[in-house]
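Notes for the structure review
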Amino acid sequence: MTDFGRIVTVLSMVLGLGVTRLLLGLVTVFRIRRESPHDWVSLAWAAILFTIQLQYWWAITLLPSVKPTFSFPDFIFLVLLTLMLFLSAALMLPSRSEDEKNGLRAYFEHDGRYALLSLTGFLLLAFLVNIFFFKSSPLSAWALTDVPMIVLPVATFFARSRKVYAALTIAYLPLVAWDVYIS
């Protein structure tokens, strides 16, 4: 097995756990749908996170064409990047019906919004990967998209008004669509 084979195996395992965690959260939301109100904001962020997870998984396959060899620090950096996505997925949606007894909106406002900080950490680290691994210009189209993609989740995290964090969520949706398109 090549160095990249070992790296992609570990990253794929962690990514697979994150995707699984997010999907299990959606199953929990579905199961308690009659007892607990849903919230479109947290479901929108879950869809955004799922899209980013798949996009990252796809981008990993491009690494050997850009960087043929990897050092141990490179590996640790990539694992840290992947763990940020896992942490986002683990926090985004409840994993037990007890966690959602007051509704998905209450869960998001109390616990789920912390996933946005982890997502921001991932996006910041990914920004560095694009510059140092992919040798992309920080003035390219992706970078101009990444800056608001990094800022808006943090702004959503700190927003206390439902109207503000809902508006920021709506603003984020076309950014993710554009990012997928240009990637």
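Residues numbered from 1 in each chain as written. Predicted model: local features only at pLDDT ≥ 70, side-chain atom pairs only at ≥ 80, totals over all residues. Heavy atoms only, no water.

**Structural notes on the overall build of the protein chain**
Our working rule: Starting at the N terminus, helices and strands are each numbered in turn, a helix being any DSSP run of H or I of at least four residues and a strand any DSSP run of E of at least two. Burial classes follow relative accessibility: with a 1.4 Å probe on protein chains only, a residue under 20% of its type's maximum area counts as buried, one over 50% as exposed, and anything between as partly exposed. Here a residue-residue contact requires only that any non-hydrogen atoms of the pair lie within 4.5 Å. Only the protein chains shown count as cover for residues, with accessible areas throughout obtained via the Shrake-Rupley method and a probe of 1.4 Å. His residues and chain termini do not enter the charge count, which takes Lys and Arg as positive and Asp and Glu as negative. By convention, charge coordinates are those of NZ in Lys, CZ in Arg, CG in Asp, or CD in Glu.
For the protein chain, the helix and strand inventory stands at 8 helices and 0 strands. Listed N to C, the secondary structure of the protein chain is α-α-α-α-α-α-α-α in terms of helices and strands. The principal-axis extent of the C-alpha atoms belonging to the protein chain is close to 50 × 35 × 25 Å. For the protein chain, buried positions account for 47% of its 183 residues. When contacts within the protein chain are restricted to residue pairs at least 6 apart in sequence, long-range pairs at least 24 apart make up 79% of them. About 9400 Å² of surface is accessible on the protein chain, with carbon and sulfur atoms providing 71% of the total. Across the protein chain, the 14 positively charged side chains and the 11 negatively charged ones have centroids separated by 3 Å.

**Re the side chain of Arg-21**
Looking at the element boundaries, Arg-21 is found in helix α1 (residues 3–31). According to the relative accessible area criterion, Arg-21 is buried, its value standing at 13%. Other than its neighbours up to four places away in sequence, Arg-21 contacts Ala-89, Ala-90, Leu-93, Pro-94 and Ser-95.

**Re the nonpolar core**
Just so we agree on the cut-off: Nonpolar cores were defined as sets of buried Ala, Val, Leu, Ile, Met, Phe, Trp, Tyr and Cys residues, with membership established by side-chain atoms within 4.5 Å.
Core analysis: the biggest nonpolar cluster contains 51 residues, and Trp-45, Tyr-56, Leu-78, Met-92, Phe-122 and Tyr-172 have the highest contact counts within it. Ranked by residues supplied to this core, first place goes to helix α6 (residues 114–132) with 10 residues. Once residues lying within four places of it in the same chain are set aside, the contact partners of Leu-78 are Ile-7, Leu-11, Tyr-56, Leu-63, Phe-70 and Phe-133.

**With respect to the packing of α6 against helix α7 (residues 141–158)**
The condition that has to hold: Every axis corresponds to a line fitted to the C-alpha atoms, with the helix fit spanning only the stretch in contact, and the corresponding angles, defined between N-to-C directions, vary from 0 to 180 degrees. An angle counts as roughly parallel when it lies under 35 degrees, as roughly antiparallel when it exceeds 145, as roughly perpendicular when it falls between 65 and 115, and as oblique in every other case. Throughout, a crossing is termed right-handed when the near helix is turned clockwise from the far one, and left-handed when it is turned anticlockwise from it by less than a right angle. Any residue outside Ala, Val, Leu, Ile, Met, Phe, Trp, Tyr, Cys, Pro, Asp, Glu, Lys and Arg is labelled polar, Gly included; the first ten of those are nonpolar and the last four are charged.
Relative to each other, α6 and α7 sit at 160 degrees, their axes nearing to 8 Å. Here α7 runs roughly antiparallel to α6, going by the angle between their axes. Crossing angle aside, the handedness with which α6 passes α7 is left-handed. Contact residues: α6 offers Tyr-114, Leu-116, Leu-117, Leu-119, Thr-120, Leu-123, Leu-124, Phe-127, Asn-130 and Ile-131, while α7 offers Trp-142, Ala-143, Asp-146, Met-149, Ile-150, Pro-153, Val-154, Thr-156 and Phe-157. Taken together, the residues of the contact of α6 with α7 sort by class into 15 nonpolar, 3 polar and 1 charged.

**Quick look at the packing of aromatic side chains**
The condition is simple: Any two rings among Phe, Tyr and Trp, with Trp reduced to its six-membered ring, count as a pair given centres within 6.5 Å; such a pair is stacked if its planes are under 30 degrees apart, edge-to-face if over 60, and tilted if neither. Counting as a charge over the ring demands two things of the Lys NZ or Arg CZ atom: a distance within 6 Å of the ring centre and an angle within 35 degrees of the ring normal.
The final tally for this structure, using the stated rule, is 7 aromatic pairs. Ring-pair connections join several aromatic residues into one group, and the members of that group are Tyr-114, Phe-157 and Phe-158. In this arrangement the basic side chain of Arg-113 is found over the ring face of Tyr-114, its NZ or CZ atom lying 5.0 Å from the centre.

**What to know about the pattern of salt bridges**
Note the cut-off: Salt bridge, as used here, is a side-chain nitrogen of Lys or Arg placed within 4 Å of a carboxyl oxygen of Asp or Glu.
One pass over the full model with this rule turns up 2 salt bridges. Salt-bridge contacts for Asp-39 lead to Arg-162; the nearest nitrogen and oxygen are separated by 2.6 Å. Highlighted residues: Asp-39 in the loop between α1 and α2 (40–60) and Arg-162 in helix α8 (residues 162–182), separated in sequence by 123 residues. Where Glu-109 meets Arg-105, a salt bridge forms, and the shortest distance between an N and an O atom there is 3.1 Å. With a gap of 4 residues between them, Glu-109 and Arg-105 both fall in helix α5 (residues 104–112), about one helical turn apart. Judged by its relative accessible area of 27%, Glu-109 falls in the partly exposed class.

**Notes on the packing of α2 against helix α4 (residues 72–92)**
With their axes 10 Å apart at the nearest point, α2 and α4 run at an angle of 155 degrees to one another. Taken as axis vectors, α2 and α4 run roughly antiparallel relative to one another. The handedness of the crossing between α2 and α4 is left-handed. Residues Ser-42, Trp-45, Ala-46, Leu-49, Ile-52, Gln-53 and Tyr-56 of α2 lie in contact with α4, whose contacting residues are Leu-78, Leu-81, Thr-82, Leu-85, Ser-88, Ala-89 and Met-92. In the contact of α2 with α4, the residues fall into 10 nonpolar, 4 polar and no charged.

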